[in-house]
There are 2 protein chains.
Amino acid sequence: MHRFGVWAPRAQKMSVKFGDGKFAMEGPNARGWWKLELKDCDCGDRYAFLLDDDETPYPDPRSLRQPEGVHGLSELYDHSVFAWHDQLWRGAPKTGAVLYELHIGTFSKEGTFDGAIQHLDYLRDLGITHVELMPVAAWAGNQGWGYDGVSIFATHEAYGGPDGLKRFVDACHARGLSVILDVVYNHFGPVGNYTNKFGPYLTDHHKTPWGNAVNLDEAGSDEVRRFFVDNALMWLRDYHIDGLRLDAVHAFIDLSAVHFLEQVSSEVERLGATLGREFYLIAESDLNDPRIVRPREAQGYGMDSQWSDDFHHALFTLLYDKEPGRAYYSDFGSVGDLHKALKHAFVYDGQYSQYRRRKHGRPAEGLAAHHFIHFDQNHDQVGNRALGERLEHLVGIDAARVAIGIVLLAPYVPMLFMGEEFAASTPFLYFADHEDEEMRKAVSEGRKREFSAFGFWDEVPNPEDVKTFEDSKLDWSEVEDGKHAEMLSWVKALIKLRRSTVSLNDGSMQRLRVSTDDVRRTLV
Amino acid sequence: MHRFGVWAPRAQKMSVKFGDGKFAMEGPNARGWWKLELKDCDCGDRYAFLLDDDETPYPDPRSLRQPEGVHGLSELYDHSVFAWHDQLWRGAPKTGAVLYELHIGTFSKEGTFDGAIQHLDYLRDLGITHVELMPVAAWAGNQGWGYDGVSIFATHEAYGGPDGLKRFVDACHARGLSVILDVVYNHFGPVGNYTNKFGPYLTDHHKTPWGNAVNLDEAGSDEVRRFFVDNALMWLRDYHIDGLRLDAVHAFIDLSAVHFLEQVSSEVERLGATLGREFYLIAESDLNDPRIVRPREAQGYGMDSQWSDDFHHALFTLLYDKEPGRAYYSDFGSVGDLHKALKHAFVYDGQYSQYRRRKHGRPAEGLAAHHFIHFDQNHDQVGNRALGERLEHLVGIDAARVAIGIVLLAPYVPMLFMGEEFAASTPFLYFADHEDEEMRKAVSEGRKREFSAFGFWDEVPNPEDVKTFEDSKLDWSEVEDGKHAEMLSWVKALIKLRRSTVSLNDGSMQRLRVSTDDVRRTLV
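Residues numbered from 1 in each chain as written. Chains lettered and ligands numbered in written order. Predicted model: local features only at pLDDT ≥ 70, side-chain atom pairs only at ≥ 80, totals over all residues. Heavy atoms only, no water.

A look at the overall build of chain A
This is how the line gets drawn: Secondary structure elements are defined from DSSP: runs of H or I of at least 4 residues count as helices, runs of E of at least 2 residues count as strands, and each element is numbered from the N terminus. Remark: exposure states derive from per-residue accessible area (1.4 Å probe, protein chains only) relative to the maximum for the residue type, with buried under 20%, exposed over 50%, and partly exposed in between. The protein chains shown are the only cover counted for residues, whose accessible areas, like all others here, come from Shrake-Rupley with a 1.4 Å probe. The sign given to each residue is positive for Lys and Arg and negative for Asp and Glu; His and the chain ends receive no count. Charged groups are reduced to one reference atom each: NZ for lysine, CZ for arginine, CG for aspartic acid, CD for glutamic acid.
Regarding its fold elements, chain A presents 14 helices and 22 strands. Projected onto the principal axes, the alpha-carbon positions of chain A cover approximately 75 × 50 × 50 Å. For chain A, the residues scored as buried account for 62% of the 524 residues in total. Accessible surface, chain A as shown: approximately 20200 Å² in total, 50% of it carbon and sulfur. Put simply, chain A has 57 plus and 81 minus side-chain charges, and the middle of one group is 4 Å from the middle of the other.

As structure tokens, then:
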């Protein structure tokens, strides 16, 4: 027996396609939901929805599993079946966190959750507390960074599907590692998004870099918000995930009195209080607005932390001044910028930004440093280079050691990008697998065009070529050799120092003393 | 001598057209401004700007006077010339305010500022403290409500131009009356808006009911915000206006860390502190978001008050349940709604709105009642009826007396709509004068179409017909007769009671006791 349910407020009739049958649903109710209880179907059975007189079977927008990919039938999946071993797990404390961003497809040779499990002892020994997974929600095709997810309640099958993710989380918890998952609620991927058949998930009143914005405050938005908030709660509750990293929250257009992020943080807190677990909410924000991480009681949105791009840009532009084509670096470059990032979190806290051609940000005064995540590189900065060069490839090992030292010894929450701890020689390239032939062509040529202005035309690896993906996999054989081993022991020592020194964990920007000299370009 | 200046960041060259000459400007500077100092020109001289190789002379976006209308030449105007008599004026206190909304074109027979001055003794004797003018910024054509302004630094010539407005303000102050001006910063009128020739005042990333949204947070937005904030400051500083009513603030799309409204309130406060005057900022907000009126120190936007549409709708639907075609009334209708509006300001403070098809609002707990403006009708509610019927025309004199009683005896800030105090028999219709023939036709037919569904097809007065405007003028000969005189003395008595009773002015929602019975439809 299974109770089917789907939100389709505009449909005149809805059916479940199941086996050879087609079963009319009841509805819609006042909220726009259709329901049907079907006997003789269970876990593992496949189904789809039929809308009005359209005979095309569409996957369930809330499908928990897409075994044949995002275009295919949905599969009934029961979250209660998996045998967990983490009953005592409560989550690692946020304030002492050392994060490690990793991409399942390229972290291990296998490119799967099970492949990644083999390296968890290594992460624990390195001193990591939180593993941050790039998105794993199902997208069209095989390889990809994950930001083109379309069936966001299903786990990518190429990684090992739902049970694979659960095995990974369980294995992390067994080693004392928390798991943070990157989730994308500001758009759907360009291929395989069928949600618009079902309801007003998007609005054409607002445009984002990905096209129509997600409908967060217009007619029907309660259910759209429920869709995303329920998704957040699912990962935390049913997959035992310990926190979420919300992609590009500056692309949320929400004028309603309760902002979407506030709703997320309050419902997540409620779940944590119920389950007795500590959840960690992280925003990628380009707004330099302290409201994102201010507590809800103080009229903020209640995110725990946000990525500190200002710190990254200030640090990177000091170490490397030859980066072509990333206009946002033009706003940075002085030792004073790094000084300010370390003392005040936001470099841009109200002054004019040449890149944005407007004033940007406001001061973050009064907030603890724990609200900001520091890194000297991440998947975006590395992967958005034509050749996917890591920081060390550009600046050399000595400067890379200094960079990670500044990240690990400041009172902000540090984050490593997989492989940087052993100065991995492999690149992290932009790769995708857009199935759709038109889209593949557009993406490949767009990538070439993007970099052609900087003389890279011939060399830019084709994102849609599987070799580009394979080339981005870490080479674990490097870890024990020469400069790689030296870098690893340096990083391990720094993390150990951090995790055993009270003053490196107090989260006070006030007590941090930074002394810089812009002429001599020094920082103490 | 005059220093010309204009913001035109995309122009390759700019000239001032002056007399028979064409004078090249210098620029643009880093902010996108062009400048030119010309001798031999002074107050009263006319000019225009020429952009690039376009030989069309465009009026100055910041023109202080458009003597030949919004399409014509701009005129140099010197704010320091007018002889003021209000040196001791500091502004009437906000918390004891009794507002009176009026439309210059229809308030007096003459339809001018000078015509209105003749009725100011009457308003003083009525007990009014603040006169709220519907917009007076220059728009295309003669008659109109004023919400189609395009040359927003110039005062509508048909009303009497800049000096006319100054005479009016001076005359108000001489009688102890403050003046609030309705300003429209969320769009430009559809005819005569040349700002887009000069710079990115609008963005196509967001749509509002009027089309492209004002650019408040994208490239170039600093100067767009300056344009509007400088406009606000001009009225307060150069015209001695005492406050502003910001039209439809829910149409501002601004994701920047310092919201446009916060910038307005902080710069207005600064000006008030400098001049030693008390300014009153009022927002028309459809957001039911207490952030609008919360102090900036408590992370709000710092508006003093906002219009309380919920109260109006709750009251009106109890008194009249036959209103066709205004879907927002469907969300109201019980005595409980009125009870809630009186006790908690927002009726919708988080629950589902059938009209909006989403949840709406959040509680206004902890805010003083002075943050909310109550009325039983306003220009919008009256004028948006097919026949411009006032409340009394629909519900009769007894119910109208009760309605204004509830408005005037609750601890919120009361506002009357011109003529309601004497139960004026004249309507307040929707009228316009869109010059452009296409637009006239579109507006007239749109209006007919809007009401045709409710059986009004033939009767709807044509908005573009000057008779529609003339018919909306108050008939002052009524004031002393019969029910008109009775209503007037009733309203006068209520205002006198309010202004002499401490408990009616304490702004406390907590101490207000409301007792209602939804079955018997009573309220005490």
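Next, the rest of the story.
Some words on the environment of I253(B)
Residue position: I253(B) is located in the loop between β14 (243–246) and α7 (260–275). We classify I253(B) as buried; its relative accessible area is 5%.

Section: the interface of chain A and chain B
Cut-off, in case you're wondering: The criterion used for residue contact is that any of the two residues' heavy atoms lie within 4.5 Å. Reported buried area values correspond to the accessible surface (1.4 Å probe) lost by two parts on association, with both partners' losses combined. In what follows, salt bridge is the name for a side-chain nitrogen of Lys or Arg lying within 4 Å of a carboxyl oxygen of Asp or Glu. As used in this structure description, the phrase polar contact means that two N or O atoms lie within 3.5 Å; if the pair is within protein, one of them must be able to donate a hydrogen and the other to accept it, and residues adjacent in sequence are counted only when both atoms belong to side chains. Any residue that is not Ala, Val, Leu, Ile, Met, Phe, Trp, Tyr, Cys, Pro, Asp, Glu, Lys or Arg is counted as polar, Gly included; the first ten are nonpolar and the last four charged.
Chain A puts 33 residues into the contact, and the matching count from chain B is 33 residues. Across the interface of chain A and chain B, roughly 2600 Å² is buried in total on both sides, 47% from carbon and sulfur atoms. Among the residues chain A hides against chain B, the three largest losses belong to L255(A), A257(A) and Q299(A). Together they make up 23% of the total. The tally of links between chain A and chain B comes to two salt bridges. For the salt bridge of R362(A) with E262(B), the shortest nitrogen-to-oxygen distance reads 2.8 Å. Our count for the chain A to chain B interface comes out at 17 residue pairs in polar contact (both at pLDDT 80 or more). Secondary-structure elements contributing two or more residues to the side of chain A that touches chain B are β12 (202–208), α6 (221–238) and β18 (358–359) of chain A. At four residues, the largest contribution of residues to the side of chain A that touches chain B is made by β12(A). Residue classes in the side of chain A that touches chain B are distributed as 10 nonpolar, nine polar and 14 charged.

Some thoughts on the relation of the copies chain A and chain B
Rules: The copies were overlaid by least squares, fitting only the C-alpha atoms of residues that reach a pLDDT of 70 or more in each copy.
Mapping chain A onto chain B leaves a residual RMSD of 0.0 Å; the transformation is a rotation of 180 degrees accompanied by 0.0 Å of translation along its axis. On the angle and the small slide along the axis, the relation comes out as a two-fold axis. For chain A, the minimum C-alpha distance to the rotation axis belongs to H206(A) and amounts to 2.3 Å. Interface overlap between copies: 100% of the residues of chain A at the interface are likewise at the interface in chain B, consistent with a symmetric, same-surface contact.

Re the packing of α6(A) against helix α7 (residues 260–275) of chain A
The geometry of a pair of packed helices is captured by two quantities: the angle between their axes and the separation between those axes. Residues and elements named next belong to chain A. Basically, it comes down to this: In this analysis an axis means a line fitted to C-alpha atoms, helices contributing only their contacting stretch, and an angle means the value between N-to-C directions, from 0 to 180 degrees. Crossings are classed by handedness, with left-handed meaning an anticlockwise turn of the near helix from the far one by less than a right angle and right-handed meaning a clockwise turn.
The N-to-C vectors of α6 and α7 enclose an angle of 35 degrees; their axes lie 10 Å apart at closest approach. Considering the relative orientation of α6 and α7, their crossing is right-handed. For the pair α6 and α7, contact is made by R225, R226, F228, V229, L233, L236 and R237 and by F260, Q263, V264, E267, V268, L271 and L275, respectively. Split into classes, the residues belonging to the contact of α6 with α7 amount to nine nonpolar, one polar and four charged.

Some remarks on the packing of aromatic side chains
All names here are of chain A. As a reminder, the rule being used: In this analysis, rings of Phe, Tyr and Trp, with Trp reduced to its six-membered ring, are considered paired at centre separations within 6.5 Å, and the interplanar angle assigns stacked below 30 degrees, edge-to-face beyond 60, and tilted for intermediate values.
Evaluation of the coordinates by the stated rule reveals 74 aromatic pairs over all chains. Ring plane angle 75 degrees and centroid distance 6.0 Å describe the contact between Y100 and F107, whose orientation is recorded as edge-to-face. Ring centres of F422 and W476 lie 5.5 Å apart, and the angle between their planes is 40 degrees; on these two criteria the pair is classed as tilted. Residue F422 is found in the loop between β20 (413–417) and α12 (437–452), and its partner W476 is found in the loop between α13 (466–471) and α14 (482–499); the two are separated by 54 residues along the sequence. The residues F422 and W476 share a single accessibility class, namely buried.

Focus on the domain arrangement of chain A
Accessible area lost upon the coming together of the parts serves often as the stated size of an interface. Residues and elements named next belong to chain A. Under the convention used in this document: Where each domain begins and ends follows an automated or database-derived domain assignment.
For chain A, the assigned domains read domain 1 (2–58) and domain 2 (99–523). Here domain 1 and domain 2 have C-alpha centroids that lie 37 Å from each other. Listed per partner, the contact involves 11 residues of domain 1 and 10 residues of domain 2. The contact between domain 1 and domain 2 buries some 940 Å² in all, and 65% of this surface belongs to carbon and sulfur atoms. Among the residues of domain 1 in contact with domain 2, W7, R10 and Y58 are the three that bury the most area, contributing 66% of the side total. Summed over the shared surface of domain 1 and domain 2, the number is one salt bridge. In this structure, the connection of domain 1 to domain 2 is made through four residue pairs in polar contact (both at pLDDT 80 or more).

Here we look at the sheet that holds strand β6 (residues 74–75) of chain B
Remark on secondary structure: sheet strands pair via backbone hydrogen bonds, oriented parallel or antiparallel. All names here are of chain B. For the record, the criterion: Pairing between strands is defined by DSSP: at least two bridges between the two strands are required.
Here we have four strands laid out as an open sheet, ordered β3-β2-β5-β6, and antiparallel in their pairing. If you trace the sheet from one side to the other, it starts and ends with β3 (21–24) and β6, each paired once. Inspection of the sheet shows strand β5 (residues 46–51) paired to β6 by two bridges, in the antiparallel sense. Within β6, the position partnered with R46 by the bridge is E75.

Looking at the pairing of strand β11 (residues 178–183) of chain A
Residues and elements named next belong to chain A. When you tally the buried positions in β11, you get six out of six residues, the bulk of the element. Side chains S178, I180 and D182 project from β11 onto one buried face, and the interleaved V179, L181 and V183 project onto a second face that is buried too. In terms of strand pairing, strand β8 (residues 130–133) meets β11 through four bridges, oriented parallel. When the sheet's bridge partners are listed, V131 is paired in β11 with V179. In the sheet, β11 pairs with strand β14 (residues 243–246) via four bridges, with the strands oriented parallel. Bridging from a neighbouring strand, V183 pairs with L246 of β14.

Description of the environment of D321(B)
Residue and element names in this part refer to chain B. Assignment of secondary structure puts D321 in the loop between α8 (309–319) and α9 (335–344). Judged by relative accessible area, which is 64%, D321 ranks as exposed. On a C-alpha basis, the gap between D321 and Y147 in space is 29 Å, while along the polypeptide they are 174 residues apart.

Here we look at the nonpolar core
What counts is decided by this rule: Nonpolar cores were defined as sets of buried Ala, Val, Leu, Ile, Met, Phe, Trp, Tyr and Cys residues, with membership established by side-chain atoms within 4.5 Å.
Core analysis: the largest hydrophobic core is formed by 302 residues, its most contacted members being W235(A) and W235(B). Not counting residues within four places of it along the chain, the set of residues in contact with W235(B) comprises V136(B), A137(B), I152(B), A154(B), T155(B), L165(B), L181(B), V183(B), Y185(B), H240(B), I241(B) and L244(B).

With respect to the packing of helix α8 (residues 309–319) of chain A against helix α9 (residues 335–344) of chain A
All names here are of chain A. The following threshold applies: What sets the label is the angle itself: under 35 degrees gives roughly parallel, over 145 gives roughly antiparallel, 65 to 115 gives roughly perpendicular, and the rest give oblique.
As a packed pair, α8 and α9 sit with axes 9 Å apart at the nearest point and diverge in direction by 150 degrees. It follows that α8 is roughly antiparallel to α9 by the angle criterion. Judged by the twist between their axes, the crossing of α8 over α9 is left-handed. Where α8 approaches α9, its residues D310, F311, A314, L315 and L318 are matched on the opposing element by V335, D337, L338, A341 and L342.

Some details on the pattern of salt bridges
Residues and elements named next belong to chain A. Per the counting criterion, the structure on display carries 63 salt bridges over all chains. Residues R226 and D230 are paired through a salt bridge, measuring 2.9 Å at the closest nitrogen-oxygen approach. Remark: D230 and R226 occur in helix α6; sequence separation between them is four residues, near one turn of the helix. What emerges from the salt-bridge pattern is a single network uniting R46, R65, E68, E75 and E157.

Section: unusual backbone geometry
All names here are of chain A. The omega torsion across G27 and P28 is -5 degrees, close enough to zero to call that bond cis. Examined against the element boundaries, P28 turns out to sit in the loop between β3 (21–24) and β4 (33–38). The phi torsion at D40 lies on the positive side, around 55 degrees, for a residue other than glycine. Its location among the elements puts D40 in the loop between β4 and β5 (46–51). The backbone of R357 shows a phi angle near 55 degrees, a positive value even though the residue is not glycine.

A word on the sheet that holds strand β7 (residues 99–102) of chain B
Strand order in the closed barrel formed by eight strands is β7-β8-β11-β14-β15-β16-β19-β20 (chain B), and the pairing between neighbours is parallel. Strand-to-strand twist in this sheet, taken as the mean axis angle between neighbours without regard to direction, amounts to 30 degrees.

Here we look at a negative patch on the surface
This is how it is decided: Grouping into patches uses exposed residues only, defined as over 30% relative accessible area, and leaves out salt-bridged ones; the cut-off is 9 Å for like charges and 5 Å for nonpolar side chains (Val, Leu, Ile, Met, Phe, Trp, Tyr).
Taken together, the side chains of E435(A), D436(A), E437(A) and E438(A) make up a negatively charged region of the molecular surface. Relative to the elements of secondary structure, E438(A) occurs in helix α12.

Digging into the side chain of R447(A)
All names here are of chain A. Note that R447 resides in helix α12. At 3.0 Å, the side chain of R447 forms a polar contact with the backbone oxygen of R385. Beyond its immediate stretch of four places on either side in the chain, R447 contacts G383, N384, R385, A386, Y430, V460 and P463.

A short note on helix α12 (residues 437–452) of chain B
Residue and element names in this part refer to chain B. Cut-off, in case you're wondering: How far a helix is expected to stretch is found by multiplying one less than its residue total by 1.5 Å. What the arc covers is the set of directions going from the helix axis to the C-beta atoms.
With 16 residues, α12 extends 22 Å from end C-alpha to end C-alpha; this agrees with the ideal 22 Å at 1.5 Å per step. Those residues of α12 lying buried are V443, S444, R447 and F451. All buried residues of α12 fall inside an arc of 90 degrees around its axis, so they share one side. Residues of α12 that are exposed and point more than 90 degrees away from the buried face comprise E437, E438, K441 and R449. Where α12 is buried, its residues touch α10 (379–383). Regarding α12, its N-cap is D436, as a side-chain oxygen of that residue lies 3.1 Å from the backbone nitrogen of E438 further along.

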